[in-house]
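# Fold and geometry: a report
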Amino acid sequence: MHVQHRQDESGGEFFVEGEGESGGEALAELSYSIDRALGVMVIRHTRVDDSLRGQGVGGKLVEAAAKRAYAQGLKVNPVCSFARAVFDKTPEYDDVRA
């Protein structure tokens, strides 16, 4: 599983593409926006296809977002209920949480 990333000035997404027949199709994704004035990455939505459920894919997407925010000097506001639950269970993200 390879988490990929694309970003523009206002936000972006982390995603995992399918393999084989699903190749090129995003089977899991986490979308976010960035408020540069506040220095905050807002995680808006996380989606994981049923074919990937139970494999920790959603957690990997949140991890990638947290690492990216940390590297860019941003804080994270996990508005998405899944991302918020991951943040609540992961004390290592406390220093990057808004």
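First, a word on scope: everything that follows refers to the structure included in this document. (Residues numbered from 1 in each chain as written. Predicted model: local features only at pLDDT ≥ 70, side-chain atom pairs only at ≥ 80, totals over all residues. Heavy atoms only, no water.)

With that out of the way, let us pick up the pattern of salt bridges. Proximity of charged atoms lets side chains of opposite charge pair with each other. This model, assessed by the stated rule, comprises five salt bridges. Between Glu13 and Arg6 there is a salt bridge, and its shortest N-O distance comes to 2.6 Å. Under the relative-accessibility criterion, Arg6 is labelled partly exposed at 43%. For Arg53, the salt bridge is made with Asp50, and the minimal N-O distance between the two is 3.3 Å. (Salt bridge = Lys/Arg side-chain N within 4 Å of Asp/Glu carboxyl O. Buried < 20%, exposed > 50% of the residue type's maximum accessible area, 1.4 Å probe, protein only.)

Right, let's get into the sheet that holds strand β1 (residues 4-7). Strand order in the open sheet formed by five strands is β1-β2-β3-β4-β5, with mixed pairing between adjacent strands. Unpaired on one side and paired on the other, β1 and β5 (75-78) mark the two borders of the sheet. For this sheet the average axis-to-axis angle between neighbouring strands, irrespective of direction, equals 25 degrees. Sheet topology places strand β4 (residues 40-48) next to β5; four bridges connect them, and they run parallel. When the bridges of β5 are listed, Val42 appears paired with Asn77. (Pairing = 2+ DSSP bridges. Helix = DSSP H or I, 4+ residues; strand = E, 2+ residues; numbered from the N terminus. Axes fitted to C-alpha atoms, helices over the stretch in contact; angles between N-to-C directions.)

The end-to-end C-alpha separation of helix α1 (residues 57-71) is 21 Å, in line with the 21 Å expected for 15 residues at 1.5 Å each. All of the buried residues along α1 are Val57, Gly58, Leu61, Val62, Ala64, Ala65, Ala66 and Ala69. Packed against the buried residues of α1 are β2 (11-17), β3 (26-35), β4, β5 and α2 (81-89). Positive phi appears at Gly73, one or two residues downstream of α1, with a value of about 75 degrees. (Expected span 1.5 Å × (residues − 1). Contact = heavy atoms within 4.5 Å.)

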